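Residues per chain are reported as follows:
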Amino acid sequence: MSRRLPPSSFTPAIALVVRSTVDDISSCASVNACMAIHARVIKHLNYTHGFAGDRLVSVYMRMGMQNDALKLFDELPQKDLVSWNSLITGLSRVGCFERCLSEFLRMKLQVGLRPNDVTLLTVLSACGNIADNSGRYLHGCGFKIGLLSEPKVINSLINLYGKFGQLDAAHSLFQSMLLRNVVSWNLMVTVNVQNGQPEEAVRIFHRMREDGNEPDEATAVAVLQACTDIGSAKLAEAIHGYLVICGLDTDMRVATGLLNLYAKLGRLEAACYIFVEIKKSDRIAWTAMIAAYSVHGNGKEAIRLFELMICQGIQPDHVTFTHLLSACSHSGLVKEGKELFDKMFQVFGVTPILDHYSCMVDLLGRSGLVNEAWELIKQMPVEPNAAVLGALLNACRIYRNTNLGKIAAERLIDLDPSDPRNYIMLFNIYSAAGLRTEASKTRSLMKSRKIIPIPGCSFIEHQNKIHQFVVGDQAHRSAEKIHMKLEEVISKVRSAGLAPITEFVLQDVEEDVKEDMINQHSEKLAIAFGLLVTCTGMPLFIIKNLRICQDCHGFAKAVSFLEKRKIIIRDSKRFHHFEHGLCSCGDYW
């Protein structure tokens, strides 16, 4: 629809006033100025002159005066599609997503205006923030008005379906596209990564190349995240090599993605090398390197790097401090952590949020300062969340503070009654304290509420394939050999004097059954498999979906000494580098 023509009374004198008014509206920087211009339009012009009404609606919206903007919009004597698009876009930009959708529906169903691609793209973007089924309706609208031939519209629909986990719909749309651009391919890689399908994301990346499409920086960032989730070193090296050939490895975001990838694969030296090669690292790159040191338990290196970052004039943000405080926690640097927490706001103007309090509670609790951690929680300006209380509960488990542990666990269970970890931690605390009746009650509570523990799962790469193990796994084609190797290694470990730690077994069974159960943990099977298929002296890299248990931690230390192997295990919290019978965490995890 074309825009309205100026009225016949539009004289040269009025034209000058209109031009001046339009310029003033465009440069308006305050609500009072906007209201003054609005008054001038009412007195000397009308809303159609220079589309002043539409422009004022946009400015009111931008100033956060949504009610005034909507009131003015309803007063406009003539509203065409551009007017509606301006209103809908303004609502979306200021985060009024539900109102954005309702105004779109009013335009379409009550006024009878036919939306165009601008309208649909804006509303699709807004619906990505609304947890309802409006995407299907908008998909139908796009089909009826013939906009599904527009790649931008289909790309927006793919993105929307991906956000809400509707991968089948996203894949179906992608397959229906006659013309797929780089954005289309990038979206398909990204939505698969976001929905826990990294292998499919990599397959789509390969299809993209086979189809003759050149990847860009966004492609590289998405496929690197897929590689990180898969945990394959061979795949990471292959993708890295391809990015070097394409010249994409020098891009800041791509280099940061590579840094993060190698850090998550246990190759801290490679991550350091990539960081050093980045020219003029930005805050995100510096923070990523601090995070790498943190997750590997190198707290002092993280602090040293932070100090160098400040010397380079890079301003830290809340994410930087989250990783920095986490690094102090993983390394037991209590004094340094407290100083950084104080400086965070006093020196750098970063207001502490829940993530920072969680790190501080973890730092204090792991260091045995459990009561001090509890006092910090009580002094927090906001209510503690699951992360804060979970850090306290873990500290109570380590230092066997039963009373405080019970308080933390009960509050956690109130926050999320379906999370099995809280019940298990409370059970472990009672078991360690010899409170069998309370432990039994906790186990019964889990059973009555049908709470099922998350199954442990470990992964190890061999010959370009990721091998997965669960507790007592018999599904692997080499299961018999793996179990024989595990029995052999356990025999060596027991002969060396390491006793099994069975007190945290949840099931109420005999001691010998408990021992058999912990001997079948997934990380032990992965270690046995690694010893079976790799050459003597080769390091083993294992990924575990849960926090490594105390028995498996001691087992890995013993195996590293007896088999003269370096074993790297990445659990849900951090890296453990086992070598010569010791762990990089210093038994502090």
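Note that the structure is predicted; figures quoted are calculated from it, not measured.

Draft legend 1. Geometry of the overall build of the protein chain. When helices and strands are tallied, the protein chain shows 30 helices and six strands. In terms of overall dimensions, the protein chain has C-alpha extents of about 100 × 55 × 55 Å along its principal axes. Counting only residues that meet the buried cut, the protein chain has 48% of its 589 residues in that class. Put simply, 63% of the contacts in the protein chain that link residues at least 6 apart link residues at least 24 apart. Accessible surface, the protein chain: about 28700 Å² in total, of which carbon and sulfur atoms supply 53%. Computed over 64 positive and 61 negative side-chain charges, the separation of the two mean positions in the protein chain equals 3 Å.

Draft legend 2. Expanded view of the nonpolar core. One finds Ile158, Met289 and Leu392 to be the most contacted residues of the largest nonpolar core, which totals 140 residues. When residues of this core are assigned to their parent elements, the largest contribution, eight residues, is made by helix 17 (residues 283-295). In this structure Leu392 touches Val361, Val370, Ala373, Trp374, Ile377, Leu404 and Ala408, once residues within four positions along its chain are discounted. In this structure, Ile460, Val489, Phe529 and Cys585 belong to the second largest nonpolar core, which totals 27 residues.

Draft legend 3. Structural view of the pairing of strand 5 (residues 575-579). Among the five residues of strand 5, four are classified as buried, and the element is accordingly described as predominantly covered. Two successive antiparallel strands, strand 4 (residues 567-570) and strand 5, enclose a turn made up of four residues.

Draft legend 4. Seen up close, a negative patch on the surface. Together, Glu510, Glu511, Asp512 and Asp516 line one region of the surface with negative charge. Locating Asp516 in the fold gives a position in helix 28 (residues 511-518).

Draft legend 5. Main features of the layout of surface pockets. Here the second largest pocket defines a volume of roughly 710 Å³. Every element with two or more residues in the lining of the second largest pocket is listed here: helix 14 (233-246), helix 16 (268-277), strand 1 (457-462) and strand 3 (540-544). Composition of the lining of the second largest pocket by domain shows at least three residues from each of domain 1 (180-280) and domain 3 (458-583).

Draft legend 6. How the structure looks around the domain arrangement of the protein chain. Segmentation of the protein chain into domains returns domain 1 (180-280), domain 2 (379-453) and domain 3 (458-583). A straight line from the C-alpha centre of domain 1 to that of domain 2 covers 39 Å.

Draft legend 7. Highlighting the packing of helix 21 (residues 354-366) against helix 23 (residues 386-399). Interaxial distance between helix 21 and helix 23 falls to 8 Å at its minimum, and their mutual angle equals 5°. Our classification of the angle between helix 21 and helix 23 gives roughly parallel. Two secondary-structure elements touch here, helix 21 through Leu354, Tyr357, Ser358, Val361, Asp362, Gly365 and Arg366 and helix 23 through Ala387, Val388, Ala391, Leu392, Asn394, Ala395 and Tyr399. For the contact of helix 21 with helix 23, the per-class residue count stands at nine nonpolar, three polar and two charged.

Draft legend 8. Representation of the pattern of salt bridges within the structure. Scanning the model with the defined rule gives 19 salt bridges in all. Between Glu200 and Arg203 there is a salt bridge, with the nearest N and O atoms lying 3.0 Å from each other. Of this pair, Glu200 and Arg203 both sit in helix 12 (residues 198-210), three residues apart, which is roughly one turn of that helix. On the accessibility criterion, Arg203 (48% relative accessible area) is partly exposed. We note a salt bridge from Lys524 to Asp551, for which the minimum N-O separation is 2.7 Å. With Lys524 in helix 29 (residues 522-533) and Asp551 in helix 30 (residues 550-562), this residue pair connects regions lying 27 residues apart in the sequence. On the basis of relative accessible area, Lys524 is assigned to the buried category, the value being 1%. On the basis of relative accessible area, Asp551 is assigned to the buried category, the value being 5%.

Draft legend 9. Here's a closer look at empty space enclosed by the protein. One pass over the structure, following the stated rule, counts two cavities of 30 Å³ or more. In this structure, the largest cavity spans a volume of roughly 60 Å³. As for the largest cavity, its lining consists of Cys127, Asp132, Asn133, Gly135, Arg136, Leu160, Tyr161, Phe164 and Gln166. Contributions of two or more residues to the lining of the largest cavity are made by helix 8 (134-144) and helix 9 (151-163).

Draft legend 10. Local environment of the packing of aromatic side chains. One pass over the full model with this rule turns up 10 aromatic pairs. When the ring of Phe73 is compared with that of Trp84, the centres are 4.8 Å apart and the planes differ by 80°; the resulting orientation is edge-to-face. Placement of the pair is Phe73 in helix 4 (residues 66-75) and Trp84 in helix 5 (residues 81-93), with a sequence separation of 11 residues. By relative accessible area, Phe73 is classed as buried at 0%. Note on Phe341 and Tyr357: the rings are 5.6 Å apart at their centroids and 70° apart in plane angle, and the pair reads as edge-to-face. Placement of the pair is Phe341 in helix 20 (residues 334-346) and Tyr357 in helix 21, with a sequence separation of 16 residues.

What counts and how
- Residues numbered from 1 in each chain as written.
- Predicted model: local features only at pLDDT ≥ 70, side-chain atom pairs only at ≥ 80, totals over all residues.
- Heavy atoms only, no water.
- Helix = DSSP H or I, 4+ residues; strand = E, 2+ residues; numbered from the N terminus.
- Buried < 20%, exposed > 50% of the residue type's maximum accessible area, 1.4 Å probe, protein only.
- Contact = heavy atoms within 4.5 Å.
- Areas by Shrake-Rupley, 256 points an atom, 1.4 Å probe, with all protein chains shown as cover.
- Lys, Arg positive; Asp, Glu negative; His and termini not counted.
- Charge placed at Lys NZ, Arg CZ, Asp CG, Glu CD.
- Core = buried A, V, L, I, M, F, W, Y, C linked by side-chain atoms within 4.5 Å.
- Pairing = 2+ DSSP bridges.
- Patch = residues over 30% accessible without salt bridge, like charges linked within 9 Å, V, L, I, M, F, W, Y side chains within 5 Å.
- Salt bridge = Lys/Arg side-chain N within 4 Å of Asp/Glu carboxyl O.
- 1 Å grid on protein atoms, 1.4 Å probe; cavity = no way out; pocket = protein on both sides within 12 Å on 5 of 7 lines; lining within 4 Å.
- Points joined across faces, edges and corners; volume = space filled by probe spheres on them.
- Domains from an automatic or database assignment.
- Axes fitted to C-alpha atoms, helices over the stretch in contact; angles between N-to-C directions.
- Parallel < 35°, antiparallel > 145°, perpendicular 65-115°, else oblique.
- Nonpolar A, V, L, I, M, F, W, Y, C, P; charged D, E, K, R; others polar.
- Phe/Tyr/Trp six-rings, centres within 6.5 Å; stacked < 30°, edge-to-face > 60°.

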